[in-house]
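# Survey of secondary and tertiary structure
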Amino acid sequence: MSELPDWGDVLATALVGTQRRTLPAGVGRAGADPADELLDVAGALTLYRRGGFRARRGLTVPEAAPDDSGIPLVTWAAAARAADLLAVDAAGYGTSNAVPVRDADGRIELLAEWLGGVRDRRVPGELLPALLEIARRHRALRPLVAAAGGPRAGWLARQRPEWGFFDAAVVEAPADDPQGWELGTIGRRVGILTAVRRGGVAGEQRGRDMLADVWPTETPDDRAALLGTFATGLSPADEPVLEGALDDRRKEVRLVALDLLAMLPESDYARRMTERSTACVRVVGGRIQVVPPAACDKAMRRDGIVPRPPAGVGERAWWLEGLLTRTSLSVWGEPEDFLTLPVTDEWAAVLRRGLARAAAGQRDSRWATALTGRLTEEVAIGGRPDDRLLLEALYDALPSDALAALAVGVLRRGLAGAAAVGVEHVLELCPRPWPPALVEAVFGALDDLGGRRSAGWRLAGLCELAALRLPADTATRATAMAAALPSDDPMSSIVGRFADTLRFRHDMLAELSS
């Protein structure tokens, strides 16, 4: 069907019959039965009229959807549960499976687990629009939706511009796009410059030249965004550009340059920071001697040392911490050797904080592992207000086995102390499946807190996270724990929801495997 006629033509033809009147030339398929064509056209126009749209001509008909009938569907029960997680009533699935989690993040995590359990089956087509829409908003779900949706999901995504993220073949920012570089949005221009810098040594030089040409006329935010593309193909040849950016008037530009320079261990910047730090921290006679900087001069400020400390922190201690943060950890040798050396009590905490900030920033797992225990003890008994944030940043650099061991250790000492050192953040970082020792530590902490009226907020946080991360086959154990609490116990509702979520996951995975 190439074109659609006006409704009046269709009506007139229907009244007198196709033997006496035919549709206008160009309508329908050549050689097709006129009566069949009339009915097809009438049906198409009726849909337009019901939808409140005029029929449009000259549109490209999309390619037919791929045939995925050879891939078996998930069970009806599994599809109904996905509809509940998506908060849609698709094709009469209804809302029979009440989702026990209270927040959107928990629902998204359950949906991710459901998508991961689809495996060699496929999602019903009526759920694909909702899945593509939620993947548009949540980047982490995109590969899961792509795998579970099958070829039909990719076909559907190509019909809507806002779902263009789904098609990996789409090149959003080709390297050769002069008009986009001159007139495009900053996001488009960042993509172009990144693509240029992927072109090896020649591409990196071209990228430097392109940035130099536009640098004087760019806004501070755009300068920072464009300079950030140097992380792609970063090399010593970029050092002059980055050093020049240290003199920019805007802080956001200088911070990008500092972060990139810190990734060049042989740069002049790295050499300057090493010289300053080793002048302040030296190993003499098997002991660490600390002499913090006496002043924060102009050169130190240019290299990213913040002159004004936060409330309650001395200036010299703050400057020393800043120097250590921006110095390569390789300067100090092996963490086990350096951290066991005696140091004056006055500067021990400052030294550990500076090294911890360096380990978090440089993503050094060896130093992060060695420092976590020491900093955890300080946070548990007090310390600076921002020490817990620093500890959580350090957790991000730990390997998975070290995270699990840390979580077990702090949970066994009681949830009050565990909450103080951010155990929930540690548990969030622990990958599935949680090892048996961690499972036992979590249930042990819950048993210890059950029935305590003052423990509600601690118990709630642990229960909400554990319900989503514990192995689903622990649902029976959780149900027994909830049943053992009296109905008037203040903890019964929290533990009950914990058990309900685990049972929901257990049933969900059983439906996907049947």
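Structural notes, computed from the coordinates.

Calculation rules
- Residues numbered from 1 in each chain as written.
- Predicted model: local features only at pLDDT ≥ 70, side-chain atom pairs only at ≥ 80, totals over all residues.
- Heavy atoms only, no water.
- Patch = residues over 30% accessible without salt bridge, like charges linked within 9 Å, V, L, I, M, F, W, Y side chains within 5 Å.
- Areas by Shrake-Rupley, 256 points an atom, 1.4 Å probe, with all protein chains shown as cover.
- Salt bridge = Lys/Arg side-chain N within 4 Å of Asp/Glu carboxyl O.
- Helix = DSSP H or I, 4+ residues; strand = E, 2+ residues; numbered from the N terminus.
- Buried < 20%, exposed > 50% of the residue type's maximum accessible area, 1.4 Å probe, protein only.
- Polar contact = N/O pair within 3.5 Å; in protein donor to acceptor, adjacent residues only side chain to side chain.
- Contact = heavy atoms within 4.5 Å.
- Axes fitted to C-alpha atoms, helices over the stretch in contact; angles between N-to-C directions.
- Parallel < 35°, antiparallel > 145°, perpendicular 65-115°, else oblique.
- Left-handed = near helix turned anticlockwise from the far one by under 90°.
- Phe/Tyr/Trp six-rings, centres within 6.5 Å; stacked < 30°, edge-to-face > 60°.
- Lys NZ or Arg CZ within 6 Å of the ring centre and 35° of its normal.

A contiguous nonpolar patch, built from W7, L11, L15 and V16 and spanning about 380 Å² of accessible area, is present on the exposed surface. Relative to the assigned elements, V16 resides in helix α1 (residues 7-16).

Relative to the elements of secondary structure, R272 occurs in helix α13 (residues 268-280). A relative accessible area of 17% means that R272 is categorised as buried. Within polar-contact distance, the side chain of R272 engages the side chain of D303 at 2.8 Å. If we skip the residues at most four places from it in the chain, R272 touches E243, L246, R302 and D303.

Topologically, T474 is positioned in the loop between α24 (456-469) and α25 (475-483). A polar side-chain atom of T474 sits 2.6 Å from the main-chain carbonyl oxygen of P471. Apart from the residues lying within four places of it in its own chain, the contact partners of T474 are V439, F443 and L502.

Time to look at the packing of helix α4 (residues 104-118) against helix α26 (residues 492-513). Between two packed helices, the angle of one axis relative to the other and the distance separating the axes together describe the packing. In the contact formed by α4 and α26, the axes pass within 9 Å of each other and the chain directions differ by 25°. In terms of their interaxial angle, α4 and α26 are classed as roughly parallel. At the point where α4 passes α26, the crossing takes the right-handed sense. When α4 is examined against α26, the residues L110, E113, W114, G117 and V118 are found in contact with a partner set consisting of F504, R505, M508, L509 and L512.

Within the structure shown, the criterion is met by three aromatic pairs. Both rings, one in F338 and one in W367, keep their centres 6.2 Å apart while their planes meet at 55°; by these two values the pair is tilted. With a gap of 29 residues between them, F338 in helix α16 (residues 335-339) and W367 in helix α18 (residues 365-381) connect regions that are remote in the sequence. The positively charged end of R477 is found above the aromatic ring belonging to F443, 4.2 Å away from the centroid.

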